[in-house]
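Spelled out, the chains give:
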Amino acid sequence: MSQQKIDIDIAQQGDFKVIKPTGDLDVYTVGSLRDAIGQMIEDGTTRVVVDLDAVPFMDSSGLGALMGGVRRLREAGGDLAIACTREQHLKLFTITGFGEGVSIAPTVEEAATGFRS
Amino acid sequence: MRLSLRQKLVGGFGTLLVLIVLLGWVTLSLFGSLRTVQRRVFDTALPRLVAVDEIIRSFTAQSAAIRGYLISTDVSLLEQYRTEVETAIEFEALLLERDPRGNERELLENLIEAGEEFQDLIDTDVLPLAEQGQRSQAFRVLGQEGNVLISRIELLGEQLRLVQDRVVADAENTLRSRQSQVLLTLALVIVGTFTAGLLLAILLPRRLARNLDALVRAARGIERGDFNQRIEIHSGDEVEELAVRFNAMQRGLKRLQQLALQDRELEIAATIQRNLLQRSIPESEGLHVVPIQRQANLVGGDWYDIERSGRCLSVIIGDASGKGIAAALMATVTLSSIRAERGMGAGPKRIIDRANKALLDATESDSFTTVLLVNVDPESRVARWFNMGHHAPFLLRPRVDGVEGTYLEGPSNRALGWFEDPGHEEGVVELQPGDRIVLFTDGFLEAKDPDGQLFGEDRLAEALVKLAPLDAANLGEQMVGEVERFAAGKLDDDLTMLIVELEAP
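Here the structure is a predicted model, which is why all the values come from computation and not from measurement. (Residues numbered from 1 in each chain as written. Chains lettered and ligands numbered in written order. Predicted model: local features only at pLDDT ≥ 70, side-chain atom pairs only at ≥ 80, totals over all residues. Heavy atoms only, no water.)

1. Here we look at the interface of chain B and chain A
In this assembly, 25 residues from chain B lie in contact with 24 residues from chain A. For the chain B and chain A pair, buried surface summed over both sides reaches about 1900 Å², with 54% attributable to carbon and sulfur atoms. Looking at the side of chain B facing chain A, the largest losses of area belong to B:Lys323, B:Asp366 and B:Trp418, adding up to 28% of the total buried there. Taken together, the links from chain B to chain A amount to five salt bridges. Here A:Asp59 and B:Lys323 are joined by a salt bridge, their closest N and O atoms 3.6 Å apart. Along the contact surface separating chain B from chain A lie nine residue pairs in polar contact (both at pLDDT 80 or more). (Contact = heavy atoms within 4.5 Å. Buried area = accessible area lost by both parts, 1.4 Å probe. Salt bridge = Lys/Arg side-chain N within 4 Å of Asp/Glu carboxyl O. Polar contact = N/O pair within 3.5 Å; in protein donor to acceptor, adjacent residues only side chain to side chain.)

Below you can see the structure in the form of structure tokens.
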């Protein structure tokens, strides 16, 4: 399965970082997101908001990578929150139960208020 | 420096040609040098030697002619004397023309001076005395003063001859030395040219042959299936290029071999997965299930399992996250757990819990599996389901005026493999004869058209309703066809659909 790159913007915002992928988040591109989260943990960042505003499509691999990010960041003492307004993703979060216990909000700022302390 | 094979060959033969031209030039130069030495001997030294001899002979002849004249008063002898004087002057001039240097010039000048003194003696003393009739007195003067001068002339002539002899001897020595030099130089140039030619003839083909031999050995190794050979050739020509390509080709072949191996492994995995899927689908009276599956790859994460328990059918559809081998392994783990629990007569909740536990143990948190477990009782016409993070099933219900289609949005629990407690909320629906419950995986919803638009729930619902007049098997096939057409034949995910049909009486 060939890996493809996806554009990922990373920005510091207050005491957390925002990861903003642009493009489909699927089995082919999810490695980039996984690597970005892994690099943040290595660099000492543990509070991350993933902004899905520029992700038109996300499959189960993308959702799995988000859950993996939640677990790894929580193990490192931090958390992962989701900024998302796309109905399709929100439905996926609801159906699978991903949304339970993970802060999901329409904006980055609102999502960040839901970080587990 | 990088040189092509052609450049090397042209360069090699060009060098040889230059050496041969050099050899010719050196030979000609050396022969020219010998010729110069020879010319010096023949054109300079020998004429001088002859001239010296002639001068001495001339003065001796002058002396003899005068003596004869004094004795016989023969005028012809006086003429002979004059002729000899001219001869002496002529050869003296000849010697002076050659511009002698040092001792030779000094000796020549002394000789000329002595000759002039002799001629002066003859002209001023001897001949006047003879003409006056005093021949005895003339003889005496000639005998005393003339003989002294002739002896001096002979001595000087001898010394000059010695000088010329030395010049000739030196020239001969030079000639001999030059000859040796010529021979030595010629020998060296010939040996050098031969060696250079030999080296070119041996080394160039030898290196080429050695490099080609390395390539042949590598080719034989590849024939045996050894793709790990490293060919190191730094000849800077086409052979090095060939070796570089050869190494790249080996890497390519190795990748192909690995891919072939992976394909083989995939085929084995696919066989295992096919064997895990049910070969015969259980039925119940008035109730049957039609499975339809299109895998995008050899192996995938979609699976299903159908079991009859009494008059009820328990239908499960599952979809592991991701694709390929990893998804197939997760599917195998889940399906194995479910079969094991079913074999022990476990109920739906335990089946779900055990499958969840198996996935939690076997996978990382970025993997999960959605499961939809539906129990249908054809007698009571009740369907109960546990939706574990899966898409809601679709109900097709015949109406007088057609077919009604709705998603059964019942309670949803969590996907398996993430949480210790996935939840056990149950959905229930009362069925009517002719009802069809359609279970499907996300491949149907996430199929994309060439513009990237998703097939989605609405199109699926619409298509299912449209195809509802068909029997279940055809409905499933046509549905797959619809999605394939939508995706322009480029399906990226597996399509699995189970149509549970409660037969109409």
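Picking up where we left off.
2. Things to note about the environment of B:Thr83
All names here are of chain B. With respect to the helices, strands and loops of the structure, Thr 83 is situated in helix 2 (residues 75–97). Assessed through its relative accessible area of 44%, Thr 83 is described here as partly exposed. In the structure, Thr 83 is positioned 25 residues away from Ser 58 in sequence and 9.1 Å away in space, judged by C-alpha atoms. (Helix = DSSP H or I, 4+ residues; strand = E, 2+ residues; numbered from the N terminus. Buried < 20%, exposed > 50% of the residue type's maximum accessible area, 1.4 Å probe, protein only.)

3. Concerning empty space enclosed by the protein
Taken as a whole, this structure holds two cavities of 30 Å³ or more when the rule is applied. The space that makes up the largest cavity amounts to roughly 120 Å³. Taken together, 17 residues make up the lining of the largest cavity; nearest its centre are A:Leu92, B:Phe368, B:Thr370, B:His391 and B:Asp442. Mapped by element, the contributors of at least two residues to the lining of the largest cavity are helix 2 (60–75) and helix 3 (87–96) of chain A together with strand 3 (312–320) of chain B. Approximately 100 Å³ is the volume found for the second largest cavity. Every residue lining the second largest cavity is counted, 18 residues in all, and those nearest its centre are B:Ala320, B:Gly322, B:Lys323, B:Asp493 and B:Asp494. For the lining of the second largest cavity, a count of residues per class yields three nonpolar, six polar and nine charged. (1 Å grid on protein atoms, 1.4 Å probe; cavity = no way out; pocket = protein on both sides within 12 Å on 5 of 7 lines; lining within 4 Å. Points joined across faces, edges and corners; volume = space filled by probe spheres on them. Nonpolar A, V, L, I, M, F, W, Y, C, P; charged D, E, K, R; others polar.)

4. Description of the domain arrangement of chain B
When the domains of chain B are assigned, the result is domain 1 (5–200), domain 2 (226–276) and domain 3 (280–502). Each of domain 1 of chain B and domain 2 of chain B has a C-alpha centre, and these two points are 90 Å apart. (Domains from an automatic or database assignment.)

5. Some remarks on the side chain of B:Asp435
Residue and element names in this part refer to chain B. Residue placement: Asp 435 occurs in the loop between strand 8 (426–430) and strand 9 (436–440). A polar side-chain atom of Asp 435 sits 2.7 Å from a polar atom in the side chain of Arg 397. When near neighbours in sequence (up to four residues on either side) are disregarded, Asp 435 contacts Leu 395, Leu 396, Arg 397, Pro 398, Glu 430, Val 500, Glu 501 and Leu 502.

6. Observations regarding the sheet that holds strand 2 (residues 16–22) of chain A
Residues and elements named next belong to chain A. Across the sheet, five strands lie side by side as 1-2-3-4-5; this open sheet has mixed pairing. The outermost strands of the open sheet, each flanked by one partner alone, are strand 1 (7–13) and strand 5 (104–105). Pairing geometry for strand 2 and strand 3 (residues 47–51), over three bridges, is parallel. Bridging across to strand 3, Ile 19 finds its partner in Val 50. Here helix 2 sits on the sheet and contacts strand 3 and strand 4 (79–83); the angle it forms with strand 4, its principal contact strand, is near 145°. (Pairing = 2+ DSSP bridges. Axes fitted to C-alpha atoms, helices over the stretch in contact; angles between N-to-C directions.)

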